Every structure is written in C-alpha cells, then in structure tokens.
Amino acid sequence: QAPLLVATPHQSSTADSPTFQQTRPLLNITMLATIGYGVASFVIAFVLAALLGSDGGALSKEFPWQFRLAAACRTPVLMLIVVPLSFIRGKYTLARRRLRRYLRGPGGKAAAIRHAAHVDSISEQLRAWDRGGRKRKLRTARSNWAAMSTKLGSNKEECNQIALGHMNEILDVDEDGLTLTCEPGVTMGELTDELLPLGLMLQSHIEMESITIGGLAMGFGIETNSHKVGLFQESVLEYEFVDSHGRRHSVTKDQPELFYALPWSYGTVGFLTSLKVKLLRTQPYVRVEYLPTSSAAELTSQLQRLAALGEGQAPDFLEATLYDRDNAVIQAGYFDARPSTAAPLNRINVWYKPFYYRHVETALRSGAFQESIPLQHFLHRFTRSIFWELEDMIPFSNHPLYRALWGWLGPPEVSLLKLAQGPVIRRASVYAHVVQESIMPLWRLPEGIAKFDDWFGAY
C-alpha cells in the first residue's frame, strides 16, 4: 500500500509561501484603491449634482436650517440614493405581485373564500375595539409614509390601527358584463397589467401606477375621459365596507343615502373591503392630436367645442397643459386599432424619451400634429416624470445625458421621499411646495387660470 502522507508543522502551506506573502499586500492595496475610487466618485457626483440641481440658496431664511440644508442636498440624494432604491423596490414589488397573482390564480371561488376570511379579520378587530370601550380613534395600519397624501402627519400612533394590508386581490373580471370586483389595495399598475391584455380598462383609469383603487373610491378621482364618463365615483356599482361595529355592508344605488355618501368620505363612514366598478372596451392605441392655443379664451372655446361633439366624434380623452398664462396645448385622444402614416407610432414611456409634457410642449413651436401611442404608455404617460414634479426635484432630469445614464432607473417613489424626511423637513416642505387640484365649470376656466397665476405663477 502507498504510504499515508500526513502534514506536519515543518511542512509549509500555500498561505505561508513567499509568493502568497508578497501577493497579499498587493491584493489589500488593490481592494483599498477600488473602495477609495468608489467613494471619491460618489463624493464628486454628489457635489456636482448638488451644484447643478440645488435651490437651497434661494429659500427664505424663515425656513429652518435643516430644511435649507436638505434642499441644497436634495438633488444628489434623490439621484444617487432614492432613485436606485426606488428601482430596486419597484422590481421587488413587481416580482412579488406577479408571484402572488400566479399562486392565487385568477379570482374564482378560492378568491371569494380568502376575501371572506379577510373581511372577518377586519370585523373582529373592530368588534374588539368596540368591546374595549372605543377609547381611541380608528385608522388604518398603513404607514403614513406609504400613502400618497402630502399631509403633515397622521397621528396614527395615538389611534387604534386596523390591519388592511392584505386587502389587495382582484376578485373577479366579468368580460361580458364589463365589470371588475376587487379589494381596495389593488393599484392602477396591477389593473393595467390585468385588464389591458383582455382589451379592457377601468371606466376611469388613473395615470399614476401606485395609486390604489380604494383611495380613488373613497377620495376623488377624475380622468381625461371624464367629459364622457364622469368622475370615478360614477363608475362604481357596489361598495362593500365594514362599519365601526364590525358589521359588513354591501351598498348599491338602491340605498342612495349611503351609496352617495361614500365617495369623498375618505374612510370616515367605514373601512372599504371591496368594490365593483364598470369597465370599458379598448383599442391597442390612442391617436393623440396636439392643438396649441395662445390665450385662455381660445383654450376654453376649443375645449368646449371638442367636449360637446356628438357620440363617435368627441375625443375619448381630452386634456390641456398650460406652459404660461396664455400658451397651452390641448391633447385630444381617440382609440385606434393601429398607427398610420398620418399618426406615426411613438412609445412615449421608453426610458430614453423626453418626458411626455415636454414632448407636448413642442407643439407650441412646431404647430399642431398627431401621433399614435400604445394604450399602456398613454394611460401612464406621467409616471416617469411624476407629472411635472421630477424636474422640480432633479432640475436636469429631462436632459439627454441624465436620461441616458439614469432614465432606465425610473422616478423616485413618493413613499421613499416621505420616509427619508424628518418632522422638521416634512413640515417645512409642505409650506415650500404646493400640490393643489381645483374643480371648476369649463366656462369659468379663464377666471381659474387668472387666479392660479396670481396665487402661484408656476407652470
């Protein structure tokens, strides 16, 4: 037999060899150099982005120093930290959503059983609060930073919080009856993924992908097809909610006092657990006509004319964007089966394309034109730019170089922006920044434009 070889203390290992001893310092130096280059590159990019994008020096001294410092660092923090984190979180959310959908299956009896169990859980939480003497106010357990609201605070820590995070399932899509039944936590992005392959969409399909259908139902929802179908609340056929006693209610127009009290109630009547809404049949493209106007009177006249056209002639979508007090561009959209020579294809949401509202602005220089946009791109045309907010946060975000290097990462998530803000900065930001919606009759639009120009002067 071959002799057994045993290592002894006198035999040298690879780690003790002279060659390895010489190589190890070189490896350490290379690693330190790599880390140093990475840190230096980050610092240089941070400073450069701060210099190019900050507006901290323009803020009044009345704002606390913490807020002015945060404003000076806002652009690099967003660009180098929040945007990459938002990209990672978005991919994780998308993967989890698709896995959840795959495991659950497409609605049916199993979904109904899960939903009933979820509603029972909510009812039991409310009955326990009721038995305990109703000592604290009721709120959802959703973290304030995760909501779309710009409110200063929620005071949820002082309230009895009801867990609703599991209410996020599509329960039924009736393709023949053109209705959808789902839980309130389902987002516009999820509904787009579910409905568009079926040639369907919500009667009022909101632009922002992260907005939930429950928020629209209990809050306020308006869309660019509202001149034809009304507000979001007019698409609701049935609400299901649980009241403060833990009782479950299904409400239709047969109970008008309660049915019409739920929209705009912001959850004060009860906790929404599901709703049934109307759907529309779609075409794969939207042909958009861009019509520039040069005065508030002309804008109003054109919008009134287009909105009043008869069935089959009025645009399916109608909106306008103002770029100063006088100049605006009307966007009239019509469902279409395919692009044409007169209306060439434009995939507006591809990451390297200019922001949509900047693309629309070109009509002020070039004159009226038209193009065909894929329906999914059109429905979420303002997601990449957070309407026109992103250029306020990252002033060069529409520059071709930024779009080439960072555009594929997408926009920062509003929830992550709020999560990173402390109470002092959060309070100050509300008074340095306005998010305001206003509803007015179309014939009073010139007066509304004049007032907003006087109050804000921001376009």
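Above: the structure in question.
Residues numbered from 1 in each chain as written. Predicted model: local features only at pLDDT ≥ 70, side-chain atom pairs only at ≥ 80, totals over all residues. Heavy atoms only, no water.

A few words on the side chain of Thr273. Looking at the secondary structure, you find Thr273 in strand E8 (residues 271–281). At 2.6 Å, the side chain of Thr273 and the side chain of Glu240 are in polar contact. Leave out the neighbours within four places in its chain, and Thr273 touches His115, Val119, Ile122, Met167, Glu183, Pro184, Glu240, Phe241 and Val242. (Helix = DSSP H or I, 4+ residues; strand = E, 2+ residues; numbered from the N terminus. Polar contact = N/O pair within 3.5 Å; in protein donor to acceptor, adjacent residues only side chain to side chain. Contact = heavy atoms within 4.5 Å.)

Let us look at empty space enclosed by the protein. Throughout the structure, instances matching the rule amount to 1 cavity of 30 Å³ or more. In this structure, the largest cavity occupies an estimated 100 Å³ of space. Lining of the largest cavity is provided by Trp351, Phe355, Arg384, Leu390, Ser397, Tyr402, Arg403, Trp406, Gly407, Gly410 and Pro411. Per-element accounting of the lining of the largest cavity gives the leading share, 3 residues, to helix H13 (residues 400–406). (1 Å grid on protein atoms, 1.4 Å probe; cavity = no way out; pocket = protein on both sides within 12 Å on 5 of 7 lines; lining within 4 Å. Points joined across faces, edges and corners; volume = space filled by probe spheres on them.)

Burial along strand E4 (residues 179–182) is two-sided: Thr179 and Thr181 facing one way and Leu180 and Cys182 facing the other are all buried. Taken together, the 4 bridges between strand E3 (residues 170–174) and E4 define a ladder with antiparallel strand orientation. Bridge pairing in E4 places Asp174 opposite Thr179. If you look at the hairpin formed by E3 and E4, you'll find 4 residues sitting between the two strands, and Leu178 has a positive phi there, around 55°. With 4 bridges joining them, E4 and E8 adopt antiparallel strand pairing. For Thr179, the partnering residue across the bridge sits in E8 and is Lys278. (Buried < 20%, exposed > 50% of the residue type's maximum accessible area, 1.4 Å probe, protein only. Pairing = 2+ DSSP bridges.)

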